[in-house]
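# Summary of the model geometry
For reference, the chains in residue letters:
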Amino acid sequence: MNLFEPADKPRIFAVPPGYDFAAEFVAGLRQRLNGSPPETMASILVFLNTRRVRQGIRSEFANGAPGFLPRLRLVTDLATDPGFPDIPAPVEPLRRRLELSQAVGRLLKGDERFASRAVIYDLADSLANLLDEMHAEGVDPNRIRELDVSEHSEHWARSLEFIDIIERHWGLNAQPDIQARQRLVVERIVESWEAGPPDHPVIVAGSTGSRGATQLLMQAAARLPQGAVVVPCFDFEMPEETWATMDDMSTGEDHPQYRLKFLMDSLGVGPGDVEIWRRGSTGGNSRNRLISLALRPAPVTDQWMTEGPALGDICEATEGLTLLEAPDPRMEAVSISLCMREAVENGENVSLVTPDRILARQVTAALKRWKITPFDSSGEILLHTMPGRFLHAIADILGRENPDPVSLVALLKHPMTHAGKGREFHRRETGKLERALRDRDAGSSAETVLADLRRDVEPESAEEHWLDWLNGFLSRTTGLPTAGLSEFVQLHETLSGILWRGSRMEEGRIPQDTAAGRAALATFEELDAASDAAGQLTCADYAHLFRSIAARNVVWQPFTAHSLVSIWDTIDARMQSPDIVIAGGLNNGTWPVQPKADPWLNRDMRREAGLLLPERMTGLRAHDFQQAVSAKKVVLSRCLRNVDAPTVPSRWLSRIISLLGGLEGDGESALKQMRLRGQEILRRARLMEQPAAFLKPETRPEPRPPVKARPRRLSVTEIRTLITNPYEVYAKRVLGLRELNPLGGGTEVQLRGTVVHDILHRFVQETLESNADCTPEKLMGIAREKFSATDLPSHVTTFWLAQMDKMAGEFVELEIRRRSRAEPYLLECKGGYWFPDLDFTLTARADRIDRSGQRYFLYDYKTGTIPTKAQVDRYDKQLPLTAMMIENGAFTEVSNGTVPASAYIGAGREAKEVDIPRMIAQEGEQIDRYAQDWARLGKMLEAYLDEKTPFIARRYVETRDFGQAYHHLARFGEWDDTAGLKNEPWS
């Protein structure tokens, strides 16, 4: 029995957008076999592109009448097909990448201009992907070697040296990888079909032919007497003249239908030759016509003006469309979760389709409030799981002679460290170690701190056993030479067992009772099996390799997901047709994602070689979008602003909005209704996020401690804090709370400020005798000496020295100008002024005071941002107050003098001097700013020494920064900081 009627052209069938591909495919098969013997179905051979499509087709058959299944095969399984014993089995992907990494490492050895050793395994992955692509597309290495790189940069010429590595893994004598063997098997199958066509139907279904081997199989199947191709989401609404505009790959490949156009061209057929797979289903409806017109190729978007008014009832086409434009990513996730919760309440199947994994995790977290667990088709990256983070932290600490305190404490606090009995004791001891590390003297190492703790504990105590366990672990991580991958794997697994068991010193491996734990141990086995291909590694090499593997492996946690709720990646969502589709993250750079940079070939070189262009992936994602937006109910979701800046809507969403907005009348009305539906979702999401009406709103903290507890001593820098955020002064000076010292001994920026201050002070001291020594060369000589004495990486100090060298000349010019006005007198001097009426002391430390007779000039060095005029006028009173302290005798070395001016000396990215003039114009008069601020200070201190005056939280604010000190104590975020303040001590 023939499944297809004889035809003089290759057969291409299609399923229109918005239809469930699996359901349509099975219904079409049954329709065509109606009246045939049951065993006919079993004779049909069907090649599918993904396991999910195969699973969907099997489910459709299982839900229907009893009968035989067709033979369902995956194109990807052809790579391991045992039916071709003369073709060697494919090499394992990890083994191939390790072989490539050795070759890349040899090329980088001694010459890291192209890349550093830290990215060897990333480059090997990229090179392996290029090799896979060349095999799949049938591109010989000679075609790349023959490229003309004379007009390209040295980088691209250098990249050809790396691509020469590929030749060793090419040809008949090389063991094929998965893509190479798949293409060889496909070519063998095609040859057998040409020699003798099969006597049974052959169908390739569900693919667009985006890869070369699959395209080759589709072309051969479509030409068989009883063969056909069934493609998804074919746009039957696009006119033939529009199809003709996509002949140019460089301008048309990012269109959703381009791959289908390429397939038709390769078969010599046109869009009119494509038939609907299931008779009776219609390719045309108002939604599909609207989307088809919106997504027309750029050269023919003028058709919007001619065809737009003929679309018919626009409101009908957009009846199921909702445009959700959330203000930020969090509100987008909350709104999407609310839509999914409502769908569950109504018994509807709902799916979030998005390539944004952060959005997917946020939605998953938001759904937990209703105890809904969605099915996530992307799984979870091993590196993001608890065992993955645990093992990566151990690998990262290997080989460090002096362990980084931050990495060490983070590893000891990990939930898998010292799991089980004694966990609380371990947490207490870790806390003691952390406090000791934070309070250590400058220059002392973690090893020294551990030795000090070891001397202070009782012999044979539990604390001593704990320290012995920790020292034993650290001793096995240090002093490691280069070794083979197998030795590193064994050591890594041993160390993980030591940490997991803890100071009980029992033997054991990390648990395998979770999918992530089993995947982690399977990663060890995978690395060990391919260890002979890795060569000799350093500790850093192994850490980079393990991170690369853990970031690639995916874990599917075994749990029972809600049957109506799912999250799909765009690729996995192609064959789904839920009741409600939520297309999330519709911003440019997310959907479509920004193409990754290719370290080997630029775009022009790829086109000349016949490799895939970046636009191909964009076109495939556009095809996914067209399928998703064609569902009956669709929510188009995006956020207007991310963490950094305003966002740009996805190009496809922009086209839909632009088309509707340009159709006066129905189009504008339809777009307005789409937005109103989205605004209603946002309104309900905001209501859900607000506290219950019966709860009393939180108020801004305004503590009023008794007079005797109020501080009687502050520095001039703390006066700024007293003006802007009095609560911080209360927490620090009244409650006695201090920020913990940083584990890492301070940030690089803080250290840079300290070092630059030392450089400038020494420069001034050594050039006091003669201005002839005041040269940029002298300044840079001191800078090199000071920076070389730090323990920072060389690339950091090199960058800082380059910045200082850039500003040295201008700094010296300004310095000579300053000395022409007054000579440097005091450096790093301290002073204090006592207000007798208030019994209050104000302290200050001046970076520099210059003197000319009885006139003193005050300077403050700034390596960071210099306060603006508005900040100085409002609350940054450091220099004006210090100047008044000088005049009032607060500095013992200065007496009977005046300070006519002060200034900030910028020594950061550029050298500059910002004056803080004493006399300013105010309401037509010249006002002494310093005296005015001094008088205001007295009034403010008098007010704060009155127990009725509160220490208000965030009195003056410029930014909504949640990371400042004491904000958590003030419960910042729980109260409205835009509310007006009644108490204004500084006025």
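Computed from a predicted model, the values in this text were never measured in an experiment. (Residues numbered from 1 in each chain as written. Predicted model: local features only at pLDDT ≥ 70, side-chain atom pairs only at ≥ 80, totals over all residues. Heavy atoms only, no water.)

On to the overall build of the protein. Summing up its helical and strand segments, the protein has 37 helices and 24 strands in all. Oriented by its inertia axes, the alpha-carbon framework of the protein measures out at about 115 × 70 × 65 Å. Residues classed as buried in the protein amount to 51% of the 987 residues present. For the protein, the proportion of contacts with a sequence separation of at least 24, taken over those separated by at least 6, is 77%. Roughly 46200 Å² of accessible area belongs to the protein as shown, and the carbon and sulfur atoms make up 50% of that amount. Of the charged side chains in the protein, 121 are positive and 140 negative; the average position of the first set lies 4 Å away from that of the second. (Helix = DSSP H or I, 4+ residues; strand = E, 2+ residues; numbered from the N terminus. Buried < 20%, exposed > 50% of the residue type's maximum accessible area, 1.4 Å probe, protein only. Contact = heavy atoms within 4.5 Å. Areas by Shrake-Rupley, 256 points an atom, 1.4 Å probe, with all protein chains shown as cover. Lys, Arg positive; Asp, Glu negative; His and termini not counted. Charge placed at Lys NZ, Arg CZ, Asp CG, Glu CD.)

What follows deals with the sheet that holds strand β9 (residues 375-376). Neighbouring strands of a sheet are bound in pairs by backbone hydrogen bonds; such pairs are parallel or else antiparallel. Read from one edge to the other, the open sheet built from six strands follows the order β7-β16-β15-β8-β14-β9, with strand pairing classed as parallel. Either end of the sheet is taken by a strand with one partner, and the two such strands are β7 (321-326) and β9. Inspection of the sheet shows strand β15 (residues 580-583) paired to strand β16 (residues 633-639) by four bridges, in the parallel sense. Paired with A583 across the bridge in β16 is L636. Contacting β7, β8 (350-353), β14 (565-568), β15 and β16, helix α16 (residues 329-345) runs over the sheet at an angle of about 165° to β16. Across the sheet, helix α29 (residues 666-689) is in contact with β7 and β16; its angle to β7 comes to roughly 55°. (Pairing = 2+ DSSP bridges. Axes fitted to C-alpha atoms, helices over the stretch in contact; angles between N-to-C directions.)

Within strand β21 (residues 898-907), eight of the ten residues are buried, which leaves it mostly tucked inside the rest of the structure. In terms of strand pairing, strand β20 (residues 855-862) meets β21 through seven bridges, oriented parallel. Across the sheet, the residue bridging to Y861 is I905, located in β21. Sheet topology places β21 next to strand β22 (residues 911-917); seven bridges connect them, and they run antiparallel. Bridge pairing in β22 links A907 to A911. Linking β21 back to β22 in an antiparallel pair, the connection comprises three residues.

Attention shifts here to unusual backbone geometry. In this chain, W591 is followed by P592 through a cis amide linkage whose omega measures 10°. Tracing the backbone shows P592 in the loop between β15 and α26 (603-609).

Since one α-helical turn is 3.6 residues long, residues separated by three or four positions face the same way. With 13 residues, helix α33 (residues 776-788) ought to run about 18 Å at 1.5 Å a step, and its terminal C-alpha atoms sit 18 Å apart, in line with that. Taken as a whole, α33 has its buried residues at L779, M780, I782, A783 and F787. Seen end-on, α33 carries its buried residues on one side only, within an arc spanning 160°. Set apart from the buried face of α33 by more than 90 degrees, the exposed residues are E777 and S788. (Expected span 1.5 Å × (residues − 1). Arc of directions from axis to C-beta.)

This part takes up the sheet that holds strand β6 (residues 275-276). A sheet is described by the order of its strands in space; here six strands give the open sequence β3-β2-β4-β5-β1-β6, paired in parallel fashion. Whereas interior strands pair on both sides, the edge strands pair on one side only; in this sheet they are β3 (71-74) and β6. Across four bridges, the pairing between strand β4 (residues 202-205) and strand β5 (residues 227-231) is parallel. Bridge pairing in β5 places V202 opposite G227.

Using the criterion set out here, one finds 50 salt bridges in the structure. Of the charged contacts, one joins D77 and R54 as a salt bridge, the two residues approaching to 4.0 Å between their closest N and O atoms. Here D77, found in the loop between β3 and α4 (93-108), pairs with R54, found in helix α3 (residues 51-63); they are 23 residues apart in sequence, far enough to count as distant. Given the relative accessible area of 15%, R54 is considered buried. Residue E680 pairs with R684 through a salt bridge whose shortest N-O separation is 3.6 Å. Here E680 pairs with R684, and both are found in helix α29, just four residues apart, close to one helical turn. We classify R684 as partly exposed; its relative accessible area is 28%. Within the structure, one salt-bridge network assembled from shared partners comprises E815, R818, R819, R848, D850 and E913. (Salt bridge = Lys/Arg side-chain N within 4 Å of Asp/Glu carboxyl O.)

This paragraph deals with the side chain of N725. As for its placement among the helices and strands, N725 is situated in the loop between α30 (716-724) and α31 (726-734). You can call N725 buried: its relative accessible area is 8%. With residues near it in sequence (within four places) discarded, N725 still touches I952, A953, R954 and R955.

Let's shift gears to the environment of E813. Along the polypeptide, E813 turns up in helix α34 (residues 794-821). Classification of E813 as exposed rests on a relative accessible area of 52%. A sequence separation of 98 residues divides E813 from A911, and the C-alpha atoms of the two residues are 9.6 Å apart.

What follows deals with a negative patch on the surface. Negative charge collects at one region of the surface, where D313, E316, E319 and D666 lie side by side. For D666, the position within the fold is in helix α29. Here D666 falls in the partly exposed class, since its relative accessible area comes to 41%. (Patch = residues over 30% accessible without salt bridge, like charges linked within 9 Å, V, L, I, M, F, W, Y side chains within 5 Å.)

Let's shift gears to helix α28 (residues 651-662). A rise of 1.5 Å per residue sets the reference length of α28, with its twelve residues, at 16 Å; its end C-alpha atoms lie 16 Å apart and thus fit the reference within 8%. Along α28, the positions that sit buried rather than exposed are W652, L653, R655, I656, I657, L659 and L660.

Across all of its chains, the model carries zero disulfides by this definition. For the unlinked cysteine C339, the closest cysteine sulfur is that of C639, found at 15 Å. (Disulfide = S-S within 2.5 Å.)

For the rest of this paragraph, the subject is the environment of S577. Relative to the helices and strands, S577 is located in the loop between β14 and β15. Assessed through its relative accessible area of 33%, S577 is described here as partly exposed. Between the C-alpha atoms of S577 and V629, which are 52 residues apart in sequence, the distance is 11 Å. When near neighbours in sequence (up to four residues on either side) are disregarded, S577 contacts Y19 and D20.

Relative to strand β19 (residues 840-852), strand β18 (residues 823-835) runs antiparallel, the two sharing eleven bridges. Each residue of the ladder has a partner; that of W834, found in β19, is T841. Linking β18 to β19, which pair antiparallel, is a turn of four residues; within it D839 sits at a positive phi near 50°.

With that settled, consider the packing of aromatic side chains. Applying the stated criterion to the full structure yields 27 aromatic pairs. A centroid spacing of 5.2 Å and a plane angle of 15° characterise the contact between F234 and W243, whose relative ring orientation is stacked. Neither F234 nor W243 differs from the other in exposure class; each is buried. Ring centres of F787 and W800 lie 5.7 Å apart, and the angle between their planes is 50°; this geometry places the pair in the tilted category. Here F787 is found in helix α33, whereas its partner W800 is found in helix α34, with 13 residues between them in sequence. For the pair formed by F787 and W800, the shared burial category is buried. (Phe/Tyr/Trp six-rings, centres within 6.5 Å; stacked < 30°, edge-to-face > 60°.)

Here helix α18 (residues 386-397) crosses helix α25 (residues 539-552) at 165°, and the two axes come no closer than 8 Å. By the angle class used here, α18 and α25 are roughly antiparallel. When you trace α18 past α25, the crossing you get is left-handed. Contact with α18, carried on its side by G388, L391, H392, A395 and D396, involves Y542, A543, F546 and R547 of α25 and no other residues of that element. Of the residues belonging to the contact of α18 with α25, the class tally is five nonpolar, two polar and two charged. (Parallel < 35°, antiparallel > 145°, perpendicular 65-115°, else oblique. Left-handed = near helix turned anticlockwise from the far one by under 90°. Nonpolar A, V, L, I, M, F, W, Y, C, P; charged D, E, K, R; others polar.)

Our next topic: the packing of α16 against helix α17 (residues 357-367). For the pair α16 and α17, interaxial distance at closest approach is 8 Å and the crossing angle is 55°. In terms of orientation, α16 lies oblique with respect to α17. Handedness of the α16/α17 crossing: right-handed. Counting all contacts with α16, which are made through P329, E332, A333, I336, S337 and M340, the residues of α17 involved are L359, Q362, V363, A366 and L367. Considering only residue class, the contact of α16 with α17 consists of eight nonpolar, two polar and one charged.

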